[in-house]
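Here are the chains, one letter per residue:
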Amino acid sequence: MGVVNLTPDSFSDGGRFSEPDAAVEQAERLLAEGADLIDLGAESTRPGAPPVPAALELERLLPVLRRLRDCGRALSVDTRKAAVMRAVIDEGADMINDVGGFTDPDAVAAVRDTPVACCVMHMRGDPLTMQDAPVYRDVVGEVRAWLAARAGALQDAGVGADRIVVDPGIGFGKTLEHNLALLARLDALAADGRPVLVGVSRKSMVGAITGRTVDQRLPGSLAAMLAAVHAAAAIVRVHDVAASHDALAVWSAIRAAR
Ligand code: HH2
């Protein structure tokens, strides 16, 4: 999954793709580099980010979505708002990636009677406050139970199990130790039978381990991605598609030879 943020303030690519022409060009580049799907985001969810009104999210998303919808690959939209979900589904989005885990009161209804795939991500609190000393007794058990409950809410409303993927939400209300524990035990999340999506690309946990700034985190991001795929991840959300594609190709070739 290649990331294109249509925001002025995303932590790693904010402002670079906020014009539709630049965003479409970047999405086409990521598709040419081997992305199977593109994730379009119009609200930064970096720690401390302020919420964005639905109308502004749609103003950013719709022109890009309309130009990409016939690209032949799947398009995901990263949003927490039911109103945005409904509008982008009408415009041809294939997946809703909700970092809030479909907790907007109308979110489950927005996707229920549609064919879209749903990514249920775990976040503790909201982006403004989520990194204020998060505490868990058993982070893997608690995240697993929460994801199962939210996926269950979608399924109870009629969303087929084959439309749901889950994501532990690396960096969303978690310390470095929590992130490491989750990445090491992705198999526990996958044990519930749902494909696992993981996003660790350029994130601060990579910076905390390596001491690197955002633009220097590619090697660390690749290592984390491969560890995630080795553990259980079925989809990886990345900014650097060409490098990720090569790393996965080499890893897969070695694995296939076992
Ligand atoms: N991470 C970010 C945003 N959306 N969605 C899923 N499913 N999983 C993630 O780990 C995830 C996500 C944060 O990264 P980015 O989009 O690059 O930054 P920002 O939130 O500042 O736009």
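Let me sum up the structure you'll find in this document. (Residues numbered from 1 in each chain as written. Predicted model: local features only at pLDDT ≥ 70, side-chain atom pairs only at ≥ 80, totals over all residues. Heavy atoms only, no water.)

### With respect to empty space enclosed by the protein
To locate leftover empty space, one rolls a probe as large as a water molecule over the atoms. Overall, the coordinates contain two cavities of 30 Å³ or more when judged by the stated rule. Of the volumes computed, that of the largest cavity is approximately 60 Å³. Forming the walls of the largest cavity are Val200, Ser201, Leu218, Ser221, Leu222, Met225, Val238, His239, Asp240 and Ser244. Top contributing element to the lining of the largest cavity by residue count: helix α9 (residues 218-231), with four residues. Class assignment of the residues belonging to the lining of the largest cavity gives a composition of five nonpolar, four polar and one charged. What the second largest cavity holds in volume is close to 40 Å³. What lines the second largest cavity is simply Arg144, Leu147, Ala148, Val166, Leu189, Asp192 and Arg194. In terms of residue count, the dominant contributor to the lining of the second largest cavity is helix α5 (residues 139-156) (three residues). Looking at the lining of the second largest cavity residue by residue, the class counts come to four nonpolar, no polar and three charged. (1 Å grid on protein atoms, 1.4 Å probe; cavity = no way out; pocket = protein on both sides within 12 Å on 5 of 7 lines; lining within 4 Å. Points joined across faces, edges and corners; volume = space filled by probe spheres on them. Helix = DSSP H or I, 4+ residues; strand = E, 2+ residues; numbered from the N terminus. Nonpolar A, V, L, I, M, F, W, Y, C, P; charged D, E, K, R; others polar.)

### Thoughts on helix α6 (residues 176-184)
Among all positions in α6, only His178, Asn179, Leu182 and Leu183 are buried. Relative to the axis of α6, the buried residues are bounded by an arc of 130° and lie together on one face. Within α6, the exposed residues directed more than 90 degrees away from the buried face are Glu177 and Ala184. Considering only its buried residues, α6 is in contact with α5, α7 (186-190), β7 (196-199), α8 (204-210) and α9. (Buried < 20%, exposed > 50% of the residue type's maximum accessible area, 1.4 Å probe, protein only. Arc of directions from axis to C-beta. Contact = heavy atoms within 4.5 Å.)

### Overview of the packing of α5 against α6
For any two helices packed against each other, one specifies the crossing angle of their axes together with the interaxial distance. The interhelical angle for the contact between α5 and α6, taken along N-to-C directions, is 70°, at an axis separation of 9 Å. Judged by the angle between their axes, α5 and α6 are roughly perpendicular. In terms of crossing hand, the pair formed by α5 and α6 is right-handed. Counting all contacts with α5, which are made through Val139, Val140 and Val143, the residues of α6 involved are His178, Ala181 and Leu182. When grouped by side-chain class, the residues that make up the contact of α5 with α6 number five nonpolar, one polar and no charged. (Axes fitted to C-alpha atoms, helices over the stretch in contact; angles between N-to-C directions. Parallel < 35°, antiparallel > 145°, perpendicular 65-115°, else oblique. Left-handed = near helix turned anticlockwise from the far one by under 90°.)

### What about the nonpolar core?
Grouped together as the largest cluster of nonpolar side chains are 68 residues, with contacts concentrated most on Val4, Ile38, Leu40, Val88, Phe102, Val111 and Leu154. Residues in contact with Leu154, not counting those within four places in the same chain, are Phe102, Val108, Val111, Cys118, Val120, Val159 and Ile164. The next biggest cluster of nonpolar side chains, apart from the first, holds seven residues, and it includes Met1, Cys119, Val165 and Leu197. (Core = buried A, V, L, I, M, F, W, Y, C linked by side-chain atoms within 4.5 Å.)

### Overview of the pattern of salt bridges
Summed over the entire model, instances satisfying the criterion amount to 16 salt bridges. Residue Glu91 pairs with Arg69 through a salt bridge whose shortest N-O separation is 2.8 Å. Taken together, the positions of Glu91 in the loop between α3 (82-90) and β4 (95-98) and Arg69 in the loop between α2 (54-68) and β3 (74-78) put the pair 22 residues apart, joining distant regions of the chain. Taking the relative accessible area as the measure of exposure, Glu91 reaches 16% and is therefore buried. One salt bridge in this structure joins Arg202 and Asp240, with 2.9 Å as the shortest N-O distance. On the criterion of sequence distance, the pair formed by Arg202 in the loop between β7 and α8 and Asp240 in the loop between β8 (233-237) and α10 (241-256) is long-range, its members being 38 residues apart. In the salt-bridge network here, residues are joined through shared partners; they are Glu43, Glu57, Arg80 and Lys81. (Salt bridge = Lys/Arg side-chain N within 4 Å of Asp/Glu carboxyl O.)

### Digging into the site of the ligand
The environment of the ligand is formed by 18 residues, the closest being Ser10, Ser44, Asp167, Lys203 and His239. Side-chain polar atom of Asn97 to a nitrogen atom of the ligand: 2.8 Å apart, as the coordinates give it. Between Arg237 and the ligand, the recorded distance is 2.8 Å, taken from a side-chain N or O atom to an oxygen atom. Calculation on the ligand without its partners gives an accessible area of 480 Å², and the protein chains cover 98% of this total. When atoms are counted within 2 Å of each cavity's grid points, the one that captures over half of the ligand is the largest pocket. Mapped by element, the contributors of at least two residues to the shell around the ligand are β5 (117-121) and β7. Looking at the shell around the ligand residue by residue, the classes come out as six nonpolar, seven polar and five charged. (Near = heavy atom within 4 Å. Polar contact = N/O pair within 3.5 Å; in protein donor to acceptor, adjacent residues only side chain to side chain. Areas by Shrake-Rupley, 256 points an atom, 1.4 Å probe, with all protein chains shown as cover. Sits in = over half its atoms within 2 Å of the grid points.)

Keep in mind these numbers describe shape, not what the thing actually does.
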